[in-house]
Amino acid sequence: AADTLNNRGVAYYELRRFPQAMDDFERCIAIDPGHDRALSNKALVLRVRRDLEAAHASLSRSIEENPNSAISFNNLACIERDLGRNGNALRNFQRAVDMDADYKQAMRNRDSTLRELKEPVP
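The rules behind these values
- Residues numbered from 1 in each chain as written.
- Predicted model: local features only at pLDDT ≥ 70, side-chain atom pairs only at ≥ 80, totals over all residues.
- Heavy atoms only, no water.
- Helix = DSSP H or I, 4+ residues; strand = E, 2+ residues; numbered from the N terminus.
- Expected span 1.5 Å × (residues − 1).
- Buried < 20%, exposed > 50% of the residue type's maximum accessible area, 1.4 Å probe, protein only.
- Contact = heavy atoms within 4.5 Å.
- Axes fitted to C-alpha atoms, helices over the stretch in contact; angles between N-to-C directions.
- Parallel < 35°, antiparallel > 145°, perpendicular 65-115°, else oblique.
- Left-handed = near helix turned anticlockwise from the far one by under 90°.
- Nonpolar A, V, L, I, M, F, W, Y, C, P; charged D, E, K, R; others polar.
- Core = buried A, V, L, I, M, F, W, Y, C linked by side-chain atoms within 4.5 Å.
- Salt bridge = Lys/Arg side-chain N within 4 Å of Asp/Glu carboxyl O.

Draft legend 1. Structural detail: helix α3 (residues 36–48). Here α3 contains 13 residues, and its C-alpha end-to-end distance of 19 Å stays within 8% of the 18 Å for a straight helix at 1.5 Å per residue. Residues of α3 that are buried: D36, A38, L39, S40, N41, A43, V45 and L46. For α3, the elements touching its buried residues are α1 (2–14), α2 (18–31), α4 (52–65) and α5 (70–82). After α3 finishes, the residue R50 shows a positive phi value of roughly 65 degrees.

The structure is reproduced here in structure tokens:
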């Protein structure tokens, strides 16, 4: 049941039906509080809502549940970058790449953050 709710939440997210996605992610987490994918996915909705601190907390919890999730580290790094914490973002993008050497999005995110640190955008 929890996986089904998470999967449906992802479908809603992809359709940009964020309230329904959040409902399903929260229902999934109510059934399985340690459901790392639902915690990570919930953070994506929170990011869209610009509730960055709550997104950060949800991703931190996701990583506690599954410390080997490259996706959660990449998503956490995106939130860190949104919060202006580029050093932390860079470290977490690199962790994601270290976990999954084929994770192209994490590599692009890491490289763009590196460029931004070398040449800050005014």
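We are not done yet, so read on.
Draft legend 2. Local environment of the packing of α1 against α3. Their axes nearest at 10 Å, the elements α1 and α3 cross at an angle of 25 degrees. What the angle tells us is that α1 and α3 run roughly parallel. Note on packing geometry: the crossing formed by α1 with α3 is left-handed. Only R37, A38, N41, L44, V45 and V48 of α3 make contact with α1, whose side of the interface consists of D3, N6, V10 and Y13. Counted by class, the contact of α1 with α3 contains six nonpolar, two polar and two charged residues.

Draft legend 3. Quick look at the nonpolar core. V45 and A96 are the most contacted members of the largest nonpolar core, which has 21 residues in total. When residues of this core are traced back to their parent elements, those giving at least two are α2, α3, α4, α5, α6 (86–99) and α7 (104–118). Grouped together as the second largest cluster of nonpolar side chains are six residues, A2, C28, I29 and L39 included.

Draft legend 4. Highlighting the pattern of salt bridges. For the structure on display, the rule yields nine salt bridges. A salt bridge links D24 to R8, with the nearest nitrogen and oxygen atoms 2.6 Å apart. One end of the pair, D24, is in helix α2; the other, R8, is in helix α1, and 16 residues separate them in sequence. Judged by its relative accessible area of 3%, D24 falls in the buried class. Between R50 and D82 there is a salt bridge whose closest N-O contact spans 3.8 Å. Taken together, the residues span a long stretch of sequence, with R50 in the loop between α3 and α4 and D82 in helix α5 at a distance of 32 residues. Using a relative accessible area of 53% as the deciding quantity, one classes R50 as exposed. The exposure class of D82 is partly exposed, given its relative accessible area of 25%. A single salt-bridge network, built from bridges that share partners, covers R8, D24 and R27.

Draft legend 5. How the structure looks around unusual backbone geometry. One non-glycine residue, R16, lies in positive phi territory at about 65 degrees. Among the secondary structure elements, R16 is positioned in the loop between α1 and α2. A positive phi angle, near 65 degrees, is found at R50, a position not held by glycine.

Draft legend 6. Highlighting the environment of L59. Along the chain, L59 turns up in helix α4. Put simply, L59 and N86 are 27 residues apart on the chain and 17 Å apart in space, counted from C-alpha to C-alpha. Those residues in contact with L59 that lie beyond four places of it in its chain are S40, A43, S72, N75, L76 and I79.

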